[in-house]
Amino acid sequence: MFSSKYDIIVVGGGHAGAEAAAAAANMGSKTLLVTMNLQTIGQMSCNPAMGGIAKGQIVREVDALGGYSGIISDKTAIQFKMLNKSKGPAMWSPRVQSDRAMFSSLWREMLEKTPNLDFYQEMVTGLIVKNNKVRGVITSLGNKILARSVVLTNGTFLNGLIHVGEKNFGGGRAGEKASVGLTANLESLGFVSGRMKTGTPPRVDGRTLNYKLMEEQPGDTNPSKFSYLEKIKPIKKQLSCHITHTNKSVHEIMESSFDRSPMFNGKIESTGPRYCPSIEDKIDRFKDKDRHQIFVEPEGWNTVEVYVNGFSTSMPEDVQYNAIKEIKGFEKVKFFRPGYAIEYDYFPPTQLSLSLETKLVENLFFAGQINGTTGYEEAAAQGIIAGINASRKINKKSPFLLGRSEAYIGVLIDDLITKGTEEPYRMFTSRAEYRTLLRQDNADIRLTKKAYEIGLAGEERLKRVMEKEEKSNAFKFFYSKTSFELDEINPILESSGYKKVNQKDKLAKVYSRPNVKGNQMKSLKLVSDYLKKNKIDDEVFEQTEIQIKYEGYIQKEKENADKLLRLESIKIPKRFNYNELASLSFEAKEKLNEVRPATLSQASRISGIKPSDISVLLVKMGR
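Only a predicted model underlies this, so the values are computations on that prediction, with no experimental measurement involved. (Residues numbered from 1 in each chain as written. Predicted model: local features only at pLDDT ≥ 70, side-chain atom pairs only at ≥ 80, totals over all residues. Heavy atoms only, no water.)

Chemist: Outline the sheet that holds strand β17 (residues 305-309), supporting the account with residue identities and numerical values.
Modeler: Ordered by their spatial adjacency, six strands build an open sheet running β14-β15-β16-β17-β13-β18, and the pairing between neighbours is antiparallel. In the strand order of this sheet, the two ends are held by β14 (215-217) and β18 (335-337), each with one partner. Averaged over all pairs of adjacent strands, the angle between strand axes in this sheet comes to 35°, irrespective of strand direction. Bridge count between strand β15 (residues 241-245) and strand β16 (residues 293-298): four bridges; the pairing is antiparallel. Each residue of the ladder has a partner; that of His242, found in β16, is Val296. (Pairing = 2+ DSSP bridges. Helix = DSSP H or I, 4+ residues; strand = E, 2+ residues; numbered from the N terminus. Axes fitted to C-alpha atoms, helices over the stretch in contact; angles between N-to-C directions.)

Chemist: Please give an account of the sheet that holds strand β3 (residues 49-51) that cites residues and values.
Modeler: The strand order β3-β5-β4 describes an open sheet built from three strands, whose pairing is antiparallel. With one partner strand each, in any of the chains shown, β3 and β4 (77-83) form the two edges of the open sheet. Sheet twist, expressed as the average angle between the axes of neighbouring strands with direction ignored, equals 15°.

Chemist: Mind laying out helix α1 (residues 15-26), listing which residues take part and the relevant values?
Modeler: A rise of 1.5 Å per residue sets the reference length of α1, with its twelve residues, at 16 Å; its end C-alpha atoms lie 16 Å apart and thus fit the reference within 8%. Of all twelve residues making up α1, eleven are buried, and the element is well covered by its neighbours. Where α1 is concerned, the buried positions are His15, Ala16, Gly17, Ala18, Glu19, Ala20, Ala21, Ala22, Ala23, Ala24 and Ala25. Downstream of α1 by a residue or two, Gly28 has a phi angle that is positive, lying close to 100°. (Expected span 1.5 Å × (residues − 1). Buried < 20%, exposed > 50% of the residue type's maximum accessible area, 1.4 Å probe, protein only.)

Chemist: Break down the packing of aromatic side chains for me, citing the residues and quoting the values.
Modeler: Tallied over the full model, the rule gives 17 aromatic pairs. Plain terms: the ring middles of Tyr321 and Phe335 are 5.8 Å apart, the flat faces sit at 85° to each other, and that makes the pair edge-to-face. Pair noted here: Tyr321 is in helix α8 (residues 317-324) and Phe335 is in strand β18, with a separation of 14 residues, a long-range link. Overall, the relative accessible area of 23% leaves Phe335 in the partly exposed class. For the ring pair Phe475 and Phe541, a centre distance of 5.9 Å and an interplane angle of 50° mean the geometry is tilted. With a gap of 66 residues between them, Phe475 in helix α12 (residues 459-481) and Phe541 in helix α17 (residues 538-549) connect regions that are remote in the sequence. Residue Phe541 is classed as buried on the basis of its relative accessible area of 8%. Here the aromatic residues Phe475, Phe478, Tyr479, Tyr511, Tyr530 and Phe541 are joined through ring pairs into a cluster of three or more. Here Arg513 stacks its cationic end above the ring of Tyr498, 5.0 Å away from the centre of that ring. (Phe/Tyr/Trp six-rings, centres within 6.5 Å; stacked < 30°, edge-to-face > 60°. Lys NZ or Arg CZ within 6 Å of the ring centre and 35° of its normal.)

Dropping the structure here:
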């Protein structure tokens, strides 16, 4: 069965592996997805949701590139919310609650319908490497499977160790065994590894909860969607989530048993996610808070299982149970399974280039939690980039790279490669200095043409984005050239808190005022007639509104991004000898030799590199 060589082998079937396999296969590479359990491809190991602050932008970017995450999220959604709508559009972030079982099932179905993609269930324990170039993988049964490129997306499975109170046992996820052998193999090749920790809350029986004592959280009245494809429609029926809170009784029960917690008694030594701490960590760190929010999230349409978001814990089962039943609405709760923490191996991402190819072994790519990230969305983003670049590398094409001003995916990868991470990395809007450019509404305009050029996004996507861009530009031009009628515009101005005007002006001038809303503009006859005549949908209408209202901010960020691009254009030779530059500090030489930045711009973002160091390099590269 393995007598012929594959173009690409993807190891691991999580969010990173699934996107990597889909991308490589759709670009024409003969691909094999090897995973320890084919029944859990694309599984939501933690919360049953996709998107959120900055993460929603990433899912839209993956979709714009031709990935599957957005489509699957939309088709399995049980609730949709656009977060941060009270803020500016740079902060708007889509999020869906998904049906956990449907999500994984649909991932497998879509992958099985993808040409050029084979599947095999087994543990990969080592790599075949010759002359610093990967040649394939070795499985636990001794099978040698040859390939021109390999993408490792091992998630939390590398030497995974699960903790529940004073008990611990090997595992990569509840009910699944850990992956052993690969870490040692990579270390023998010269790679440096580390340990990280993440956790998950108890799953409970929704029939035992009293929702009347909680605050209902319904989805949006007019839900949107992730995928830009026109054939993918927003959900019509939604399930509600609920909010409740911990209290002093909960905190006292937990605190009294901290000596039994692996986090506090020294059994867990690795670093956990700063921005998604366990409940015991929150209680310990924020002693002034007498309550913390708990989000009660349904797991799907046809199950009573509930995910208790905000109560991630590794405390003993009896402590978990005694504490959680003190929460309002949880008085009669029954567990489906307790929460747990998991420690696993990762490889500091400074060992990679921006294409996600390793610096030590050619044609070997890492994506997902193996690089120290946390979250399905961050994993999916790395997966699609690794799949694209693995395919391009074996076809002798230049790597597909996204800059910090082009995508949140570019910010994510640049942060990882340039700065590294010693704690599970999570994306936030604050990490992106050009977030006004990197909005969730324009990911298709930013990325689909690029994806089409490399053979990933199809004709349907390109046609859709070109139509959207053309209609939006024409609509914006209409606003800038069309004058309003005084008798129509003055009532709108007065109701919005502005003074009446005495002479005609362009519609765009009125629309650019912060308090004037899109629905008010729709009431104008000229605008209403234009909408009907040109068949303007909600997406184009929203895109045009943002372009008009935030034109000054967008232009300023474009100018700043252009300045950055000047440094991006100055390449640093791959084997440049920093040690020969006497003017560089010892620390700068050490950091530059470790990261091996591809451009002067990337070098400027390395921690410890000073402007004077960049000046030295600028003079040298200029020569």
